[in-house]
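Working through the structure, step by step
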Amino acid sequence: MCMLIAEILMLVGGLYALVAGKIRLTKNMHLEGWRARVAGLFLIAPLPLAFLAGLLIALLIGAGALPTSAQSAAVIVELLLVAGGLVGAVVFALVTKPKETEW
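These figures come from a predicted structure and were not determined experimentally.

Some remarks on the environment of Leu-80
- Structurally, the position occupied by Leu-80 is in helix H4 (residues 71-95).
- On the basis of relative accessibility, which here comes to 58%, the residue Leu-80 falls in the exposed class.
- Between the alpha carbons of Leu-80 and Pro-46 there is a distance of 9.0 Å; along the sequence they are 34 residues apart.

This is how it looks when you write it as C-alpha cells:
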C-alpha cells in the first residue's frame, strides 16, 4: 500500500513537471524546461511499469509457469521500480545540470 501511495505521489509530481516545465527534486535541486519534463517522465514511469509487471506475474502464475509463492516477487519489483524512478530523476538532474562559468 505504501508503494502505491509513493507511486501516486510520483505520478502527480511527474505530471506537474510535464505540464508546468518546472520541478524541485531536492532542497537544492530545481529543474526547469526540458530537464524538468524528462525528470517528470522518470517520475511517471514506475506506475505503468509496475502495473505491467504485476500483470505479467499474474499471467505467469495463472498459466502455471510460476508458483503462487511468486506473488511476493511483485512487491520487490514494485520497490525497485519506485527506487529506480526516483534515482533516475535525480541522476538525470545531476548529469545535465548547467555548467557554471567563471568571471
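Focus on the confidence of the model for the protein chain
- Mean pLDDT over the protein chain works out to 87, with 95% of the residues at or above the 70 mark.
- Here strand E2 (residues 30-32) is the element of the protein chain with the lowest mean pLDDT, 88, and helix H2 (residues 34-44) is the one with the highest, 93.

Some thoughts on the nonpolar core
- Ranked by size, the top nonpolar core spans twelve residues in total: Met-10, Ala-17, Ile-23, Met-29, Leu-31, Ala-36, Ala-39, Leu-43, Val-82, Ala-89, Phe-92 and Ala-93.
- The leading source of residues in this core is H4, at four residues.
- Apart from residues lying up to four places away in sequence, Val-82 is in contact with Met-3, Ala-6, Glu-7, Met-10 and Pro-46.

Brief notes about the packing of aromatic side chains
- Tallying each qualifying case throughout the model produces two aromatic pairs.
- Both rings, one in Trp-34 and one in Phe-92, keep their centres 6.0 Å apart while their planes meet at 80 degrees; by these two values the pair is edge-to-face. Taken together, the positions of Trp-34 in helix H2 and Phe-92 in helix H4 put the pair 58 residues apart, joining distant regions of the chain.
- Members of the aromatic cluster, joined through ring pairs, are Trp-34, Phe-42 and Phe-92.

Definitions and limits used
- Residues numbered from 1 in each chain as written.
- Predicted model: local features only at pLDDT ≥ 70, side-chain atom pairs only at ≥ 80, totals over all residues.
- Heavy atoms only, no water.
- Helix = DSSP H or I, 4+ residues; strand = E, 2+ residues; numbered from the N terminus.
- Buried < 20%, exposed > 50% of the residue type's maximum accessible area, 1.4 Å probe, protein only.
- pLDDT = per-residue confidence, 0-100.
- Core = buried A, V, L, I, M, F, W, Y, C linked by side-chain atoms within 4.5 Å.
- Contact = heavy atoms within 4.5 Å.
- Phe/Tyr/Trp six-rings, centres within 6.5 Å; stacked < 30°, edge-to-face > 60°.

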